[in-house]
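One-letter residues, chain by chain:
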Amino acid sequence: MAGAFLSEARATYVDINAGNLDWMLARPRLHGAFLNTKVNSITLADYDRSDGWRSPDFIYGWIQGRGLEALVSHAAFFENEDPALAARLLTTAEPLYRTLRDLHDAHGHGYFVYDGALEPVSPGEDGAPRPSQRTPDLFTFADIFVAKGLLTAARRFDTTAVDGDRRRLVEIAAAIEDGRFVEEHANADGDPVVITDYGPRMILLGAAPMLDVPDTAFASRFIDYVLKHNRAHTHAGAVALSDHAGQDLCNPGHAIEFAGYGLEAMVDANDPRTADLNAILLGAFELGFEPPGICLSVSLSTGAPASSYYPWWPLPEAIGAAAAAYRRSRDPAVLDLWQRAHAAFLTNYWRADAGLAYQTRDANGPIDYVPATPDLDPGYHTGLSLLRAICAIDAVEYEGQV
């Protein structure tokens, strides 16, 4: 029974990723190189200049870094499955790499968003763009996503840049531990706002598999830190993660991401923390999962939703995390989680006819709510999560232990 599901799931994930990538590659580039996923996931209408921060006048560094990582990672996979698609991915990725590299080097950082002149900006109190800048020693989520994308692409297009990109990710890890990882926007006085939740550790943990072993010491420290400070029990007695140490709210999707990235970062298959991560995966999913998907925020103490939003991304992340866990454990409970997340994503979010997913739903259906950036997913949360699942399925089937 497990074998039949895994075979069907693999074929489904390959089709989903190919469809999404075809859709993205067919769209016109912005500034000649940047990916353009500026589409309303409900109406399928392109955003235009009247749409403000959603419009083509703004380039999101988060999206371009994620998209670059996705293009090159999928190209490596499709070289065997669909060489023509792999070639198209690389043809798109190389100019994006060169442009994003120049943009990063010009400003010394990756930034969340750039204006039409490719200058870093952020919304002012009136919502209008204002210049955004920070000192060289401060880092943000955009730095992580851009650095991951640049490193992935440098290995394909510019090997002389690889060492510098590796060092950059290690520098960001040090900034997280030193309290120099900040929000993109300063406070009202212009001072940086240090991020105190576990989000930075979780996101950078996802970079560990792309680094050489000597560079990944931070990964073990990050796992230990989060297990010590954020592990919490749910109202049902299961284990999940609090967003902030000692507080009641849990973003189940983030807890699931942390578990999946943690499992993939572990070199030792017998690491005792595997059981902790499996428990967090199972507990966070049960806490947050309720059709149509996984709630954005839930009370640990009561299990009550603290948000009406069910964004798309926690479901593919749950698929990727469950695949990593199942590869190690063959736990039937993990397989059940995987199958439920798989069914919910395909039934409630994925639009096969359009090659994309609804960005957010509530209990009544798709709604126009932006989880992080208005640009649609550039093969990252959906594509890379499903690609991780494909690789796990291949490993399970190769080992002959379905």
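Provided above is the structure to which this section pertains.
First, a word on scope: everything that follows refers to the structure included in this document. All figures in this text were calculated on a predicted structure; none of them were measured in a lab. In every chain, residue numbers begin from 1 and rise along the written sequence. Given that this is a predicted model, residues contribute local features only at a pLDDT of at least 70 and side-chain atom pairs are listed and counted only at 80 or more, while totals for whole chains, interfaces and linings are drawn from all residues. In computing side-chain values, all of the structure's heavy atoms are included and hydrogens and water are not.

1. Description of the state of the cysteines
- The definition used for a disulfide is geometric: two cysteine sulfur atoms within 2.5 Å. A full pass over the atoms with the stated rule returns zero disulfides.
- Cys295 provides the cysteine sulfur closest to Cys250, a residue in no disulfide bond, and the two sulfurs are 10 Å apart.

2. Thoughts on the pattern of salt bridges
- Just to be clear on terms, a salt bridge is a Lys or Arg side-chain nitrogen sitting within 4 Å of an Asp or Glu carboxyl oxygen. What the rule picks out here adds up to 27 salt bridges.
- Between Asp394 and Arg10 there is a salt bridge, with its nearest N and O atoms 2.7 Å apart. Residue Asp394 is found in helix 12 (residues 380–399), and its partner Arg10 is found in helix 1 (residues 2–25); the two are separated by 384 residues along the sequence.
- Exposure is judged per residue with a 1.4 Å probe applied to protein chains only, and the accessible area is read against the type maximum: over 50% gives exposed, under 20% gives buried, and values in between give partly exposed. When its relative accessible area of 17% is taken as the criterion, Arg10 is described as buried.
- Linking Arg27 and Asp46 is a salt bridge whose minimum nitrogen-to-oxygen distance equals 3.3 Å. Here Arg27 is found in the loop between helix 1 and strand 1 (59–60), whereas its partner Asp46 is found in the loop between helix 1 and strand 1, with 19 residues between them in sequence. For helices the rule is a DSSP run of H or I covering at least 4 residues; for strands it is a run of E covering at least 2, with both sets numbered from the N terminus onward.

3. Considering the packing of helix 9 (residues 273–288) against helix 10 (residues 314–329)
- Helix axes use the C-alpha atoms of the stretch in contact, all axes being lines fitted to C-alpha atoms, and the angles between their N-to-C directions lie in the range 0 to 180 degrees. Interaxial distance between helix 9 and helix 10 falls to 11 Å at its minimum, and their mutual angle equals 140°. As far as their axial angle goes, helix 10 and helix 9 are oblique. Every pair of crossing elements has a handedness; the one defined by helix 9 and helix 10 is left-handed. On helix 10, the residues touching Thr274, Asn278, Leu281 and Phe285 of helix 9 are Ala318, Ala321, Ala322, Ala325, Arg328 and Ser329.
- Each residue gets one of three labels, nonpolar for Ala, Val, Leu, Ile, Met, Phe, Trp, Tyr, Cys and Pro, charged for Asp, Glu, Lys and Arg, and polar for the others, Gly among them. In terms of residue class, the contact of helix 9 with helix 10 is built from six nonpolar, three polar and one charged. These descriptions rest on fixed angle ranges, namely under 35 degrees for roughly parallel, over 145 for roughly antiparallel, 65 to 115 for roughly perpendicular, and the rest for oblique. The handedness criterion is simple: a crossing whose near helix is rotated anticlockwise from the far helix by less than a right angle is left-handed, and one whose near helix is rotated clockwise is right-handed. By definition, residues are in contact when any of their heavy atoms lie within 4.5 Å.

4. A short note on the layout of surface pockets
- Put simply, the largest pocket is a space of about 840 Å³.
- Considering the residues around the largest pocket, the lining is formed by 35 residues, among which Trp62, Phe141, His254, Pro371 and Ala372 are closest to the centre.
- For the lining of the largest pocket, the per-class residue count stands at 19 nonpolar, eight polar and eight charged.
- Both cavities and pockets are sets of points on a 1 Å grid over the protein atoms alone; in a cavity a 1.4 Å probe fits but cannot get out, in a pocket the set is open with protein on both sides within 12 Å along at least five of seven lines, and lining residues sit with an atom within 4 Å of a point. Grid points are joined across faces, edges and corners, and a volume is the space filled by probe spheres set on the points. Considering only enclosed or pocket space, the second largest pocket measures out at about 450 Å³ in volume.
- In this structure, the second largest pocket is lined by 17 residues; those nearest its centre are Glu69, Gly206, Pro209, Met210 and Arg388.

5. A look at the packing of aromatic side chains
- Working definition: rings of Phe, Tyr and Trp (its six-membered ring) pair if their centres are within 6.5 Å, and the pair is stacked with planes under 30 degrees apart, edge-to-face with planes over 60 apart, and tilted otherwise. According to the stated counting rule, one finds 17 aromatic pairs in the structure shown.
- For the ring pair Phe285 and Phe289, a centre distance of 4.7 Å and an interplane angle of 15° mean the geometry is stacked. The residues Phe285 and Phe289 share a single accessibility class, namely buried.
- An aromatic cluster is present here, built from Tyr60, Trp62, Phe112, Phe141, Phe145, Phe181 and Tyr380 joined pairwise through their rings.
- Its guanidinium or amino end placed over the ring of Phe145, Arg66 lies 4.4 Å from that ring's centre, counting from NZ or CZ. In this scheme, Lys NZ or Arg CZ marks a charge over a ring once it lies within 6 Å of the ring centre and within 35 degrees of the ring normal.

6. Points about empty space enclosed by the protein
- Going through the model one piece at a time under the given rule, you end up with two cavities of 30 Å³ or more.
- Looking at the largest cavity, its volume works out to about 110 Å³.
- Lining the largest cavity, in full, are Asn20, Trp23, Trp312, Trp350, Leu356, Ala357, Gln359, Leu376, Asp377 and Thr382.
- Mapped by element, the contributors of at least two residues to the lining of the largest cavity are helix 1 and strand 13 (356–357).
- For the lining of the largest cavity, a count of residues per class yields six nonpolar, three polar and one charged.
- The volume enclosed by the second largest cavity comes to roughly 40 Å³.
- As for the second largest cavity, its lining consists of Asn40, Ser41, Ile42, Tyr47, Gln359, Ile367, Asp368 and Tyr369.
- A breakdown of the residues in the lining of the second largest cavity according to their chemical character gives four nonpolar, three polar and one charged.

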